[in-house]
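# Residue-level structure breakdown
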Amino acid sequence: MLSDLRTLARVLTGDLAPKAATESVVLSDRPHARLIRYGSVAQLDAARASGQVPVLLVPPLAVPAHCYDLAPDARPANSVVEFLLNLGTIPYVIDLGDVSYRDRHLGFEDYIDLIVPRAIGDVVDDFRSAPDAVDLMGWSLGGTLSLLTAGAHRELPIRSVITVGTPLDYKQIQPYPLVRALLGPTGGRPVTYLMRALGGIPAPAVRLVYRATAWDRELLKPKYILSNLHDVDALIRMQVIDRFQSSMPGYPGRVSEQMFVNLILRDEISRGVLHFDSLTVDLASVTAPVFMVGSHHDAIVSHAAAKHGLDLFADSVHTEFHTVESSHLGLLTGAVAEQQTWPAIAAFREKIQGI
């Protein structure tokens, strides 16, 4: 009984899950483009010697970069970084950082024309080993940024693009068809005016919406805690997710408008050509191998919206789509990801070595 009370106290004070992170080094610390390399010097030397291709992890907008390194050493596994290091691959991540009202000018152009391409060049320069290429990997909108970068800059040394739970057809995601019907005739002005006034979508709103997609989890959390006082690992996993949700930053103003207008109202991404003022991105021009994962149980990105990439990337030399039945975050980390998503990614990367 005393042990249960101690466990409960640690859960309520947020002190149960260890606050660990994989060994890493900061390579550059530019605004909204902090580049981090994971792994020890010995792991880096081994990866170089074996001819491994490094992976650049691109986080979604409004999501902290540590989404790829949740609770390393935990079981079931929660760290994509740890998974890649165990494969002998060196992972890098772009930390896009927090945003505020002063960052309202940031648009997709900044990410796909400057931030991600510059990070790719920095990774190649740092890794210093043939074949002088990187695999881009992105969860959710991180996959969108990765694909848009590959479509806008075919000259970049991108060997492949790996996406997990990335939306590629917003007509297939509720309630966006209704939103298009109601606000399409206005060009979305009521929403875009509000976003301009706020300078984007504030972090508290992002966190609230993300939690609302799993409202049943939030509602049943007290019962879950009391039922699992003897299962510390389960409570640790719960607390890791809670910390992650509580650390979500907001969306910059310009990006928020572009997401709403270009992706939802105009449906440009599903057709493959996106127009961001002076920048046009042709996703159909992507020829690099593309890997995709989707789920029927994902409350944020529907299975059909993720699978649309099979039609969209018809010119790619190799495309794969895998169905992994889990939540949006569960596609990336946790027991199901460890058993299904990660082995599929490892097999894909092995397969494309000869392409």
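The rules behind the values
Residues numbered from 1 in each chain as written. Predicted model: local features only at pLDDT ≥ 70, side-chain atom pairs only at ≥ 80, totals over all residues. Heavy atoms only, no water. Helix = DSSP H or I, 4+ residues; strand = E, 2+ residues; numbered from the N terminus. Rg over C-alpha atoms; globule rule 2.2 N^0.38 Å. Buried < 20%, exposed > 50% of the residue type's maximum accessible area, 1.4 Å probe, protein only. Contact = heavy atoms within 4.5 Å. Areas by Shrake-Rupley, 256 points an atom, 1.4 Å probe, with all protein chains shown as cover. Lys, Arg positive; Asp, Glu negative; His and termini not counted. Charge placed at Lys NZ, Arg CZ, Asp CG, Glu CD. Salt bridge = Lys/Arg side-chain N within 4 Å of Asp/Glu carboxyl O. Phe/Tyr/Trp six-rings, centres within 6.5 Å; stacked < 30°, edge-to-face > 60°. Core = buried A, V, L, I, M, F, W, Y, C linked by side-chain atoms within 4.5 Å. Expected span 1.5 Å × (residues − 1). Axes fitted to C-alpha atoms, helices over the stretch in contact; angles between N-to-C directions. Parallel < 35°, antiparallel > 145°, perpendicular 65-115°, else oblique. Nonpolar A, V, L, I, M, F, W, Y, C, P; charged D, E, K, R; others polar. 1 Å grid on protein atoms, 1.4 Å probe; cavity = no way out; pocket = protein on both sides within 12 Å on 5 of 7 lines; lining within 4 Å. Points joined across faces, edges and corners; volume = space filled by probe spheres on them.

Our next topic: the overall build of the chain. Each helix and strand in the chain was counted, giving 16 helices and 12 strands. For 355 residues, the compact-globule estimate of 2.2 N^0.38 gives 20 Å, and the chain sits close to it at 20 Å. If one aligns the C-alpha atoms of the chain with their principal axes, the spans along those axes are about 65 × 55 × 40 Å. Relative to its full complement of 355 residues, the chain shows a buried share of 56%. Put simply, 78% of the contacts in the chain that link residues at least 6 apart link residues at least 24 apart. When the accessible area of the chain is evaluated, it comes to approximately 15300 Å², of which 56% is carbon and sulfur surface. Counting 31 positive and 38 negative side-chain charges, the chain places the centres of these two groups 4 Å from one another.

The subject of this paragraph is the pattern of salt bridges. Under the criterion given, the structure shown has 14 salt bridges. As a salt-bridge pair, Glu257 and Arg196 come within 3.0 Å of each other at their nearest N and O atoms. On the criterion of sequence distance, the pair formed by Glu257 in helix H12 (residues 253-265) and Arg196 in helix H7 (residues 189-198) is long-range, its members being 61 residues apart. Through salt bridges with shared partners, one network takes in Asp169, Lys171, Asp267 and Arg271.

Turning our attention to the packing of aromatic side chains. On inspection of all chains with the given rule, the structure shows four aromatic pairs. Seen in terms of ring centroids, Phe83 and Trp342 are 5.1 Å apart; in terms of plane orientation they differ by 15°. Their pairing is stacked. Of this pair, Phe83 sits in helix H3 (residues 80-86) while Trp342 sits in helix H16 (residues 335-351), and the two are 259 residues apart along the sequence. Taking relative accessible area as the criterion, Phe83 reaches 10% and is therefore assigned buried. Ring centres of Phe291 and Phe348 lie 5.3 Å apart, and the angle between their planes is 50°; on these two criteria the pair is classed as tilted. Residue Phe291 is found in strand S11 (residues 290-294), and its partner Phe348 is found in helix H16; the two are separated by 57 residues along the sequence. There is no split in this pair, since Phe291 and Phe348 are both buried.

Let us now look at the nonpolar core. Ranked by size, the top nonpolar core spans 101 residues in total, and within it Leu56 and Trp139 carry the most contacts. Counting residues per element, this core draws most heavily on helix H4 (residues 108-127), at 10 residues. In this view, Leu56 contacts Leu35, Tyr92, Val93, Ile94, Val116, Ala119, Ile120, Val123, Asp135, Leu136 and Met137; residues no more than four positions away in its chain are not counted.

Okay, H12 next. A rise of 1.5 Å per residue sets the reference length of H12, with its 13 residues, at 18 Å; its end C-alpha atoms lie 17 Å apart and thus fit the reference within 8%. Across the 13 residues of H12, 12 count as buried, placing the element largely inside the fold. Looking one or two residues past H12, Asp267 carries a phi angle of roughly 55°, positive in sign.

On to the packing of helix H6 (residues 176-183) against H12. Look at H6 against H12: their axes get within 10 Å of each other, and the N-to-C directions meet at 100°. Considered as vectors, H6 and H12 are oriented roughly perpendicular to each other. Between H6, through Tyr176, Val179, Arg180 and Leu183, and H12, the contact on the second element is made entirely by Phe260, Ile264 and Leu265. Of the residues contributing to the contact of H6 with H12, the split by class is six nonpolar, no polar and one charged.

Attention now goes to the environment of Leu27. By secondary structure assignment, the location of Leu27 is in strand S1 (residues 24-30). According to the relative accessible area criterion, Leu27 is partly exposed, its value standing at 31%. In contact with Leu27, not counting residues within four places along its chain, are Leu35, Arg37, Tyr92 and Asp126.

Volume-wise, the largest pocket comes out at about 950 Å³. In this structure, the largest pocket is lined by 36 residues; those nearest its centre are Tyr176, Val209, Tyr251, Met259 and Ile300. Of all the elements in the fold, those that place two or more residues in the lining of the largest pocket are H6, H7, strand S7 (200-201), helix H8 (203-212) and H12. When residues in the lining of the largest pocket are grouped by element, the largest group, five residues, is from H12. Of the residues contributing to the lining of the largest pocket, the split by class is 30 nonpolar, six polar and no charged. For the lining of the second largest pocket, the per-class residue count stands at 15 nonpolar, 10 polar and four charged.

Each pair of packed helices gets described by two things: the angle between the helix axes and the distance between those axes. Axis separation between H4 and H12 bottoms out at 8 Å; the angle between their running directions is 100°. Relative to H12, the element H4 lies roughly perpendicular. Between H4 and H12, the contacting residues are Phe108, Glu109 and Tyr111 on the first element and Arg254, Val255, Gln258, Met259 and Leu263 on the second. Looking at the contact of H4 with H12 residue by residue, the class counts come to five nonpolar, one polar and two charged.

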